[in-house]
Amino acid sequence: MLRWTSLRRAIKITKYPHSVASSTAPGAEIKPSEQPIKTEESEKDRSTMVAAAFASLRELSVTTKRHASPAEVKITEAADLDALLTIADNRLSKKVALKIVSKLADWASMGKVKMADFEGDVRYARVCRALGQNAGNQDLSDLSVVLGIAAEEQAAKLITSISLPQMIKVMNSLGVKGRRSTPLLRALSFNIGRATETLNLKQASDVFFACATLNFPDEVLLAKVTADIAVELNKNKTPALVSSIATSVGRLKYRDAELLESLCDWLVEHSTVCRMKDYISYLLALGSLHYVPEKFSRFHQLMKPSLKEFEMASQLEWLDVVWSLVVLEKYDETLLSSVLNPKFISQLAYSNEDYHVATKIKLLNINGAAQQLGSSYEGPLLPKTSTIYNAALMRTKEKQAFVNCIKDSFSNLVDVSEHFKTDVNTEMGFLIDFEGRLDSNSQLIKVSKWSEEAGQKVAVMGRDYRDVCRGSIEDPHGKTALYHRLLENSDYKVMIIPFYDFNPRDKLFSRVQYLENKLKNCIARS
């Protein structure tokens, strides 16, 4: 610190010699007679001070270089592979090992070296062990070293130097470990997505698993994997891979009609080797995506005789099965009764200690579906005093902002507080964003007069990007589709405001005009 202070002072004296010695007040004008006179002595002094300043700079530069260890200097100066790996003959710190790997990655990306040039070298094995690998692990073909590097940007550099199967192994390892390294995932998805080599079904399953587990739905990568599945699926003989792909597709909410149809075709053709768990995996995926393949009814009928609650791993799994069948409109009174009876509900509560919000919502959804069967349903319903009705129905921050924008735009057409109720709890597991009533002349009735006039019920529902499927934004996923169907079956006219038509960034005039047209269309349908 003192050295820098002296240096700054030396430079200041060199540049403004008068300002340090002078007692002239700051800002005071210097008269011509008071200007410093250049003399041979002052020029000599200036030269001396400049020399001193640059000497200090050189000293600082030398001091800075001393911070680098001898090994780090050797890495910087290494001009070939042998010179770089020779450094590993000595004991390595993790920091030095990382710098070696980083330089190897740079050389590989420039084409100076290839992975094959060093992956079998015992010195490279030492580098990998220094990065935290198992000392007995000499098999580096899957480039497990990537997962041992804490610096994500450095790890991502290595991806360009490895083969496609190695990339998939690394990506699968990230999924298994739950390590969501965005730079590394981007590098992997870019390189796998543009690869011309066709993935086999196991590789495709691994990629889908990683994308679903880490919530990394890269569209180009998913399209590549889906296309490869179409080529490889007919070669498959085991249902486990089909089940795994279906589970990942459902978790990602990735709706590709051709993929779902081809998976169903395979399951029907190989139904004799399919287990109940394979059927359930596929069923839950279809429920999540609100999609019914052409041959699903046939597959469902084949598996239905074995579809029993006691065959499930838990009450929660059975609840998911029944909920999915409700979404797909494949339910009956027996299924509804099996989850709405007091014994099942008490066992569910006991096994889960306390209800999760998602569990309560599914029970409320199923209870709502049962009520809409009318007099034909004679099974149990949730008692009105049940605490399940107290489920906290919350919107995401983004969804709430979207609904608020709709409200602000609507306020330019009507007095929202007078003509609509907002955030209406349906007691079926979801909220109505805006509820209104239309009279016989298709005019909005004020909320204060609802008790006097029944009117046509209208539900205005915002639909943001979280409410739709990936790969098919105009198709709502299972939960959203079920909510809208429950409303329609409860005699509501549903007015949907999708995010791809209603953009909060649009001008106010455009948003208001859009809502006005939507309202007119809703009135016309009523």
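Residues numbered from 1 in each chain as written. Predicted model: local features only at pLDDT ≥ 70, side-chain atom pairs only at ≥ 80, totals over all residues. Heavy atoms only, no water.

**Comments concerning the overall build of the chain**
At step 1: A count of helices and strands for the chain gives 26 helices and 6 strands.
At step 2: In the chain, which comprises 526 residues, the proportion classed as buried is 45%.
At step 3: Taking the contacts inside the chain whose residues are at least 6 apart along the sequence as the reference set, 70% of them involve residues at least 24 apart.
At step 4: Carbon and sulfur atoms form 51% of the exposed surface of the chain, whose accessible area is close to 28200 Å². (Helix = DSSP H or I, 4+ residues; strand = E, 2+ residues; numbered from the N terminus. Buried < 20%, exposed > 50% of the residue type's maximum accessible area, 1.4 Å probe, protein only. Contact = heavy atoms within 4.5 Å. Areas by Shrake-Rupley, 256 points an atom, 1.4 Å probe, with all protein chains shown as cover.)

**Section: the packing of aromatic side chains**
At step 1: Applying the stated criterion across every chain yields a total of 11 aromatic pairs.
At step 2: Seen in terms of ring centroids, Phe410 and Phe434 are 6.1 Å apart; in terms of plane orientation they differ by 70°. Their pairing is edge-to-face. Pair noted here: Phe410 is in helix α23 (residues 397-410) and Phe434 is in strand β2 (residues 431-438), with a separation of 24 residues, a long-range link. The residues Phe410 and Phe434 share a single accessibility class, namely buried. (Phe/Tyr/Trp six-rings, centres within 6.5 Å; stacked < 30°, edge-to-face > 60°.)

**Description of the nonpolar core**
At step 1: Counting residues in hydrophobic clusters, the biggest one holds 99 residues, and the most contacted among them are Phe208 and Tyr279.
At step 2: Among residues more than four places away in sequence, those in contact with Phe208 are Leu222, Val225, Thr226, Ile229, Ile245, Ser248, Val249, Leu252, Tyr254 and Leu259.
At step 3: Of all hydrophobic cores here, the second largest spans 21 residues; its members include Ala78, Leu81, Trp107 and Val127. (Core = buried A, V, L, I, M, F, W, Y, C linked by side-chain atoms within 4.5 Å.)

**Comments concerning unusual backbone geometry**
At step 1: Even without a glycine there, the phi angle at Lys253 is positive, about 55°.
At step 2: Residue placement: Lys253 occurs in the loop between α15 (239-252) and α16 (257-269).

**Notes on the pairing of strand β5 (residues 472-476)**
At step 1: Inspection of the sheet shows strand β4 (residues 468-469) paired to β5 by 2 bridges, in the antiparallel sense. For Cys469, the partnering residue across the bridge sits in β5 and is Ser472.
At step 2: Where β4 folds back onto β5 in an antiparallel hairpin, the turn is made up of 2 residues, including Gly471, whose phi is positive at roughly 85°. (Pairing = 2+ DSSP bridges.)

**Points about the pattern of salt bridges**
At step 1: Considering all chains together, one arrives at 19 salt bridges under this definition.
At step 2: In this structure, Lys362 engages Asp320 in a salt bridge whose closest nitrogen and oxygen atoms are separated by 2.7 Å. Note that Lys362 is positioned in helix α22 (residues 357-371) and Asp320 in helix α19 (residues 315-327), a separation of 42 residues in sequence.
At step 3: When salt bridges with common partners are traced through the structure, they connect Asp82, Asp121 and Arg123 into a single cluster. (Salt bridge = Lys/Arg side-chain N within 4 Å of Asp/Glu carboxyl O.)

**What to know about the pairing of strand β3 (residues 456-463)**
At step 1: Burial of β3 is extensive: 6 of the 8 residues sit out of reach of the surface.
At step 2: Pairing of β2 with β3 involves 5 bridges; the strand directions are antiparallel. Looking at the pairing, Leu438 lines up with Gln456 of β3.
At step 3: Summarising the sheet, β3 and strand β6 (residues 492-498) pair through 7 bridges and their orientation is parallel. Among the inter-strand pairings, Lys457 is bridged to a residue of β6, identified as Tyr492.

**What to know about the side chain of Asn191**
At step 1: Structurally, Asn191 is set in helix α12 (residues 182-193).
At step 2: Asn191 gets classed as buried once you look at its relative accessible area, which sits at 11%.
At step 3: Once residues within four sequence positions are removed from consideration, Asn191 is found in contact with Ile159, Thr160 and Met167.

**Quick look at the sheet that holds β3**
At step 1: Here we have 4 strands laid out as an open sheet, ordered β1-β2-β3-β6, and mixed in their pairing. Looking along the sheet, the strands with just one partner apiece sit at the ends: β1 (421-425) and β6. Strand-to-strand twist across the sheet, computed as the mean angle between neighbouring axes with direction ignored, equals 40°.
At step 2: Examined bridge by bridge, β1 and β2 share 4 bridges and lie antiparallel to one another. (Axes fitted to C-alpha atoms, helices over the stretch in contact; angles between N-to-C directions.)

**Considering helix α26 (residues 508-525)**
At step 1: Between the first and last C-alpha of α26 there are 26 Å, a value that for 18 residues agrees with the 26 Å anticipated at 1.5 Å per step.
At step 2: All of the buried residues along α26 are Arg511, Val512, Tyr514, Leu515, Leu519 and Cys522. Down the axis of α26, the smallest arc covering the buried residues is 160°, so these residues share one side. Exposed residues pointing more than 90 degrees away from the buried face of α26 are listed as Phe509 and Ala524.
At step 3: Elements in contact with the buried residues of α26: α23, β3 and β6. (Expected span 1.5 Å × (residues − 1). Arc of directions from axis to C-beta.)

**Some points on the environment of Tyr492**
At step 1: Tracing the backbone shows Tyr492 in strand β6.
At step 2: Take Tyr492: its relative accessible area is 13%, and that puts it in the buried class.
At step 3: Note: C-alpha distance between Tyr492 and Ala459 (33 residues apart in sequence) is 6.2 Å.
At step 4: Not counting the four nearest positions on each side in its chain, Tyr492 is found in contact with Ile432, Glu435, Gln456, Lys457, Val458, Ala459 and Leu487.
At step 5: A distance of 3.1 Å separates a polar atom in the side chain of Tyr492 from a polar atom in the side chain of Glu435. (Polar contact = N/O pair within 3.5 Å; in protein donor to acceptor, adjacent residues only side chain to side chain.)

**Observations regarding the packing of α19 against helix α25 (residues 478-489)**
At step 1: Axis separation between α19 and α25 bottoms out at 10 Å; the angle between their running directions is 60°. Regarding the angle of α19 to α25, the classification is oblique. Classified by chirality, the crossing of α25 by α19 is left-handed. Judged by residue contacts, Trp323, Val326 and Val327 of α19 engage Gly478, Lys479, Leu482 and Arg485 from α25. (Parallel < 35°, antiparallel > 145°, perpendicular 65-115°, else oblique. Left-handed = near helix turned anticlockwise from the far one by under 90°.)

**Topic: the side chain of Asp467**
At step 1: When you line up the elements, Asp467 lands in the loop between β3 and β4.
At step 2: Among the polar contacts listed, one links the side chain of Asp467 to the side chain of Lys399, at a separation of 3.0 Å.
At step 3: If we skip the residues at most four places from it in the chain, Asp467 touches Lys399, Gly462, Pro476, His477 and Thr480.

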